[in-house]
Amino acid sequence: MIIKGGANICGASIGILSLESYFPKPPGHIKNPSGLGFPVLYAVVQGVTVKKLIEQPSELMLEPFLDAAKHLEAEGVRAIT
């Protein structure tokens with residue numbers, strides 16, 4: 001019997017959009033899940049760094065945010081931050 005539908009990953013109802021970055025994330029940083037008391041799923045907003053967002057904001061950045069949010073939605077999260 002094959003059952004269709006449902007979430008790909010269970011137990012993670014919160015999705016977190018994160019900017020592209022490559023440095024250690026200590027406990028307490030939003031990208032370090034050890035500081036959270038519940039499971040989350042992450043989606044990196046490809047091509048958008050803190051520096052780029054602050055120094056070169058552009059409407060073209062909207063699409064990568066939407067793509068990352070749609071990915072989290074497809075994975076079954078119920079809220080995105």
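Residues numbered from 1 in each chain as written. Predicted model: local features only at pLDDT ≥ 70, side-chain atom pairs only at ≥ 80, totals over all residues. Heavy atoms only, no water.

**Some remarks on the pattern of salt bridges**
Once their charged atoms are close, side chains differing in charge can pair, the charge on each being opposite to the other.
Link 1 in the chain: Counted according to the given criterion, the structure contains one salt bridge.
Link 2 in the chain: A salt bridge links Glu 55 to Lys 51; the nearest nitrogen and oxygen atoms lie 3.2 Å apart. Here Lys 51 and Glu 55 lie together in helix α1 (residues 50-55), a separation of four residues that amounts to about one turn. Note on accessibility: Glu 55 and Lys 51 belong to one class, exposed. (Salt bridge = Lys/Arg side-chain N within 4 Å of Asp/Glu carboxyl O. Helix = DSSP H or I, 4+ residues; strand = E, 2+ residues; numbered from the N terminus. Buried < 20%, exposed > 50% of the residue type's maximum accessible area, 1.4 Å probe, protein only.)

**Let's talk about the sheet that holds strand β2 (residues 40-45)**
Link 1 in the chain: Read from one edge of the open sheet, three strands run β2-β1-β3, paired in parallel fashion. Both edges of this open sheet fall to β2 and β3 (79-80), since each of them pairs with a single strand only.
Link 2 in the chain: Two elements, strand β1 (residues 14-19) and β3, share two bridges in a ladder whose sense is parallel. Bridge pairing links Ile 14 to Ala 79 in β3.
Link 3 in the chain: Packed on one face of the sheet, helix α2 (residues 62-75) meets β1, β2 and β3 and runs near 155° to β2. (Pairing = 2+ DSSP bridges. Contact = heavy atoms within 4.5 Å. Axes fitted to C-alpha atoms, helices over the stretch in contact; angles between N-to-C directions.)

**Topic: the nonpolar core**
Link 1 in the chain: In terms of nonpolar packing, the biggest core is built from nine residues, these being Ala 12, Leu 41, Ala 43, Val 45, Val 48, Met 61, Ala 68, Leu 72 and Val 77.
Link 2 in the chain: Looking at this core, the elements that each hand over two or more residues are β2 and α2.
Link 3 in the chain: For this core, the leading source of residues is β2, giving three residues.
Link 4 in the chain: In this structure Ala 12 touches Pro 39, Val 40, Leu 41, Gly 76 and Val 77, once residues within four positions along its chain are discounted. (Core = buried A, V, L, I, M, F, W, Y, C linked by side-chain atoms within 4.5 Å.)

**Some remarks on the environment of Phe 23**
Link 1 in the chain: Looking at where Phe 23 falls in the secondary structure, it is placed in the loop between β1 and β2.
Link 2 in the chain: Exposure remark for Phe 23: the relative accessible area of 44% places this residue in the partly exposed category.

**Some words on the side chain of Asn 32**
Link 1 in the chain: Within the element layout of this structure, Asn 32 appears in the loop between β1 and β2.
Link 2 in the chain: Residue Asn 32 is classed as buried on the basis of its relative accessible area of 14%.
Link 3 in the chain: A distance of 2.8 Å separates a polar side-chain atom of Asn 32 from the backbone oxygen of Lys 25. (Polar contact = N/O pair within 3.5 Å; in protein donor to acceptor, adjacent residues only side chain to side chain.)

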